[in-house]
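# Residue-level structural notes
Now for the letters of each chain:
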Amino acid sequence: STALGIFEEAVDNTLIFLVLMLLYYKSGAHDIPQFIPAGGYPFLLVVITLLKLIFPLRSRIPMWNAVWQVVSAPLQSPGFFHGYVGDIFTSLVKVFQDIAWTAGYVVSGDFLVSEDLDISSKHSWSKTFWYRNVLIPVICLLPLIFRFNQCLRRYIDTNDRWPHLANAFKYAFSQTVTLFGAFHPLYLEHTRKVEKGLNVFQLTWLFIFISSSLYSFTWDVYMDWGLGRPKYKYLGPSLMFPKRGYYFMVIALDLVLRFMWVLTLLPPQSGAKFEIPQYLSALTMMLELFRRTIWGFLRLENEHRSNAAGYRRVSVVPLHFNTGHKHHYKEDRHRRGLSVLTEVVVIASAVVGVCVFSVVAAQKANEDLDVKDMFDL
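Just so it is clear, the structure is predicted and the values come from calculations on it, not from any experiment. (Residues numbered from 1 in each chain as written. Predicted model: local features only at pLDDT ≥ 70, side-chain atom pairs only at ≥ 80, totals over all residues. Heavy atoms only, no water.)

### Let's talk about helix α6 (residues 129-158)
Spanning 30 residues, α6 covers 42 Å between terminal C-alpha atoms, matching the ideal 44 Å at 1.5 Å per step. Within α6, 21 of the 30 residues are buried, leaving the element largely enclosed by the surrounding structure. Asn 159 occupies a position one or two residues after α6 and carries a positive phi of about 65 degrees. (Helix = DSSP H or I, 4+ residues; strand = E, 2+ residues; numbered from the N terminus. Expected span 1.5 Å × (residues − 1). Buried < 20%, exposed > 50% of the residue type's maximum accessible area, 1.4 Å probe, protein only.)

Below is the structure:
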């Protein structure tokens, strides 16, 4: 597809969305004849979207193959493109949550229910334990787990601890933020009465949140973009964009939006003090997608000029024509030794251990709060 073709397809999809949402609103307000239930218009939008995700097969099969490569990262070596897609997935947490909600909306038959019913009597499935406390936290974690597995597989393939293990630690850090946001009740303000002031769990979560955000921001600037080098006036060599001010502006913007992105890892309606309000969810989603788009430009620039992640076997970019010379590049592959596999197992086990500890500690804290509530009564 050409750039113009992609733009035209995006315009077509946007027009379909706007028309169907307008019909849904007008039907729910009884401003137009109700030939079908008001929820039928969102259902029609879901059907059209599914068809566009499947057809045309010629262009959709490679897309789904790339998705499979990301999901099955421990089983096969990820290339630069798959790592790039994996990073984009981490920015789509809110989108994946909306997809889960849409699936529940369709499967439960809520799209057939009248819009005149009281809101408390609709979407009861979204208030269940399995949806709020299991499915949504898992959706928040899965993109981070996929990217974490990609980093471990890159370490197995290259036998280089740096930067792959350090990059894996970044995603493990973010997983911890999600687990605290999903399961720990000791900083909730909506569902329980908590004592004023900061306790140890609040301070722990705040420390993890700030540390994870700064770690991710530093990695963006220094590793992914190749910037922040003092000898190049805190930028990098061979910049491809004309004005240096663009880079400093993007760095400052990334710092702010990185903190906002980590907050999106908190499941919605978790009751956390740090939870983003529902009316700001759409804004934070758009800002994160904007940040990831800008990140992608600079990430590709850095990989093109410096082979930062070592995906190319040579440092130079090969020419796209035959020079008449025969080059014999021998790929330097390290055998997957027992020591490398042992380190990967230890690291993965440590991450799983932290996850289990967070959930167990949360359950214990819930029991303690239940006992305290009983005594207060």
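### Describing the confidence of the model for the protein
Counting all residues, the mean pLDDT for the protein is 82, and 77% of those residues have values of 70 or more. Looking over the protein, one finds the lowest element-wise mean pLDDT in helix α11 (residues 338-376), namely 71, and the highest in helix α2 (residues 40-54), namely 96. Per-residue pLDDT stays below 50 along residues 186-194; that stretch engages in 31 contacts with residues further than four places along the chain or on separate chains. (pLDDT = per-residue confidence, 0-100. Contact = heavy atoms within 4.5 Å.)

### With respect to the packing of aromatic side chains
Tallied over the full model, the rule gives 15 aromatic pairs. Ring geometry for Tyr 84 and Trp 295: centres 5.7 Å apart, planes at 35 degrees, overall tilted. Taken as a pair, Tyr 84 in helix α4 (residues 80-90) and Trp 295 in helix α10 (residues 281-306) lie far apart in primary sequence, 211 residues in all. With 6.5 Å between their ring centres and 85 degrees between their planes, Phe 173 and Tyr 215 make a pair best called edge-to-face. Of the two residues, Phe 173 is situated in helix α7 (residues 161-183) and Tyr 215 in helix α8 (residues 200-224); the sequence distance between them amounts to 42 residues. (Phe/Tyr/Trp six-rings, centres within 6.5 Å; stacked < 30°, edge-to-face > 60°.)

### Comments concerning the nonpolar core
Core analysis: the largest hydrophobic core is formed by 24 residues, its most contacted members being Phe 148 and Leu 152. Of the residues forming this core, the biggest block, 8 residues, is contributed by α7. When near neighbours in sequence (up to four residues on either side) are disregarded, Phe 148 contacts Ala 168, Tyr 171, Ala 172, Gln 175, Ile 347, Ala 348 and Val 351. Counting 11 residues, the second-largest nonpolar core is a separate cluster that includes Val 221, Trp 225, Leu 235 and Leu 298. (Core = buried A, V, L, I, M, F, W, Y, C linked by side-chain atoms within 4.5 Å.)

### Quick look at the side chain of Asn 167
One can find Asn 167 in helix α7. For Asn 167, the residues in contact, after removing those within four places along its chain, are Arg 147, Cys 151 and Trp 219.

### Section: a nonpolar patch on the surface
Residues Leu 44, Val 47, Leu 50, Leu 51, Leu 53, Ile 54, Phe 55, Leu 57, Ile 61, Met 63 and Trp 64 make up a contiguous nonpolar surface patch of roughly 950 Å² in combined accessible area. If you list the elements that add at least two residues to the nonpolar patch, you get α2 and α3 (57-71). The element contributing the most residues to the nonpolar patch is α2, with 6 residues. Here Leu 57 lies in helix α3. For Leu 57, a relative accessible area of 45% gives the class partly exposed. (Patch = residues over 30% accessible without salt bridge, like charges linked within 9 Å, V, L, I, M, F, W, Y side chains within 5 Å. Areas by Shrake-Rupley, 256 points an atom, 1.4 Å probe, with all protein chains shown as cover. Salt bridge = Lys/Arg side-chain N within 4 Å of Asp/Glu carboxyl O.)

### Section: the packing of α3 against α4
The geometry of α3 relative to α4 is characterised by a closest axis approach of 9 Å and an angle of 80 degrees between their N-to-C directions. Judged by the angle between their axes, α3 and α4 are roughly perpendicular. Only Phe 81, His 82, Val 85, Gly 86 and Phe 89 of α4 make contact with α3, whose side of the interface consists of Ala 66, Val 67, Gln 69 and Val 70. Its residues assigned to classes, the contact of α3 with α4 comprises 6 nonpolar, 3 polar and no charged. (Axes fitted to C-alpha atoms, helices over the stretch in contact; angles between N-to-C directions. Parallel < 35°, antiparallel > 145°, perpendicular 65-115°, else oblique. Nonpolar A, V, L, I, M, F, W, Y, C, P; charged D, E, K, R; others polar.)

### Quick word on the packing of α4 against α6
Between α4 and α6, the least distance of the axes is 8 Å, while the angle of their chain directions is 155 degrees. One finds that α4 runs roughly antiparallel with respect to α6. Crossing angle aside, the handedness with which α4 passes α6 is left-handed. Every residue of α6 that contacts α4 at His 82, Gly 83, Gly 86, Asp 87, Phe 89 and Thr 90 is listed here: Pro 143, Leu 144, Arg 147 and Gln 150. Classifying every residue of the contact of α4 with α6 gives 3 nonpolar, 5 polar and 2 charged. (Left-handed = near helix turned anticlockwise from the far one by under 90°.)

### Examining α4
Summarising burial for α4: 8 of the 11 residues are buried, a large majority. Taken together, the buried positions of α4 are His 82, Gly 83, Tyr 84, Val 85, Gly 86, Asp 87, Phe 89 and Thr 90.

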